[in-house]
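# Examining the three-dimensional arrangement
Letter by letter, the chains look like this.
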Amino acid sequence: MASSNLELKWEWPAGRASDMAALVKVQSIKPASKGFFGILASPSMANALPEATDVSVIFDQQGAHNAGQIATVRLPGVEARKLEAGSWAALGLLESGRVCLCVQAAPKVSVEELRRWIAGWKCPTEPN
């Protein structure tokens with residue numbers, strides 16, 4: 001396992017499909033810091049996300065991407081609410097696993113079943 005945390009970047013899908021799917025275990029979910037006087041939450045900030053939430057995950061040890069790596073990603077609140085600390089989730093990734101386009105809570109089944117599930121998982125499509 002790598003010694004430092006991987007920082008994933010959130011981007012809205014904007015019609016793009018992910019290159020890869022990763023099975024992760026959600027470690028923690030907490031509101032993101034709004035910075036000094038709340039400046040980082042300002043809608044005028046280019047990287048501002050609505051209800052920004054920091055999510056810490058660990059990639060599945062037997063996964064094809066970032067196996068065993070600890071990572072954090074700042075998600076919009078609407079995406080973070082899909083997840084639960086201590087549960088498994090799927091991430092749709094781009095750019096060698098550094099950009100996250102989508103998240104989905106995984107079914108409540110055994111890890112072996114989740115590994116089969118993630119092999120065929122695709123990011124949910126955006127509503128039309």
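All of these numbers come straight from a predicted model, not from anything done at the bench.

## Digging into the overall build of the chain
Looking only at helices and strands, the chain features two helices and six strands. Starting at the N terminus, the α and β elements of the chain follow one another as β-β-β-β-α-β-β-α. By the burial criterion, 38% of the 128 residues in the chain qualify as buried.

## Comments concerning unusual backbone geometry
With phi around 55 degrees, Glu51 is a residue other than glycine that occupies positive phi space. The residue Glu51 is located in the loop between strand 2 (20–31) and strand 3 (53–59) in this model. Even without glycine at this site, Asn66 takes up a positive phi of about 55 degrees. For Asn66, a relative accessible area of 23% gives the class partly exposed.

## Comments concerning the confidence of the model for the chain
When pLDDT is averaged across the chain, the result is 86; 83% of the residues are at 70 or more. Ignoring residues within four places in sequence, the model shows residues 36–46, a span with pLDDT below 50, making 10 contacts including any to other chains.

## Overview of the state of the cysteines
This model, assessed by the stated rule, comprises one disulfide. Residue Cys102 pairs covalently with Cys123 via a disulfide, S to S 1.8 Å. A torsion of -75 degrees about the S-S bond marks the disulfide between Cys102 and Cys123 as left-handed. Pair noted here: Cys102 is in strand 6 (residues 99–105) and Cys123 is in the segment after helix 2 (111–120), with a separation of 21 residues, a long-range link.

## Considering the pattern of salt bridges
As enumerated under the stated definition, the model contains six salt bridges in all. Through salt bridges that share partners, Lys9, Glu11 and Arg16 make up one connected network.

## Some remarks on the pairing of strand 1 (residues 6–10)
The side-chain alternation of strand 1 yields one buried face, formed by Leu6, Leu8 and Trp10, and one unburied face, formed by Glu7 and Lys9. Of the strand pairs in this sheet, strand 1 and strand 4 (residues 70–75) are connected by three bridges, and their pairing is parallel. Bridging from a neighbouring strand, Glu7 pairs with Thr72 of strand 4. By the bridge criterion, two bridges tie strand 1 to strand 6 in an arrangement that is parallel. Residue pairing in the sheet places Lys9 in a bridge with Val99 of strand 6.

About the thresholds
Residues numbered from 1 in each chain as written. Predicted model: local features only at pLDDT ≥ 70, side-chain atom pairs only at ≥ 80, totals over all residues. Heavy atoms only, no water. Helix = DSSP H or I, 4+ residues; strand = E, 2+ residues; numbered from the N terminus. Buried < 20%, exposed > 50% of the residue type's maximum accessible area, 1.4 Å probe, protein only. pLDDT = per-residue confidence, 0-100. Contact = heavy atoms within 4.5 Å. Disulfide = S-S within 2.5 Å. Salt bridge = Lys/Arg side-chain N within 4 Å of Asp/Glu carboxyl O. Pairing = 2+ DSSP bridges.

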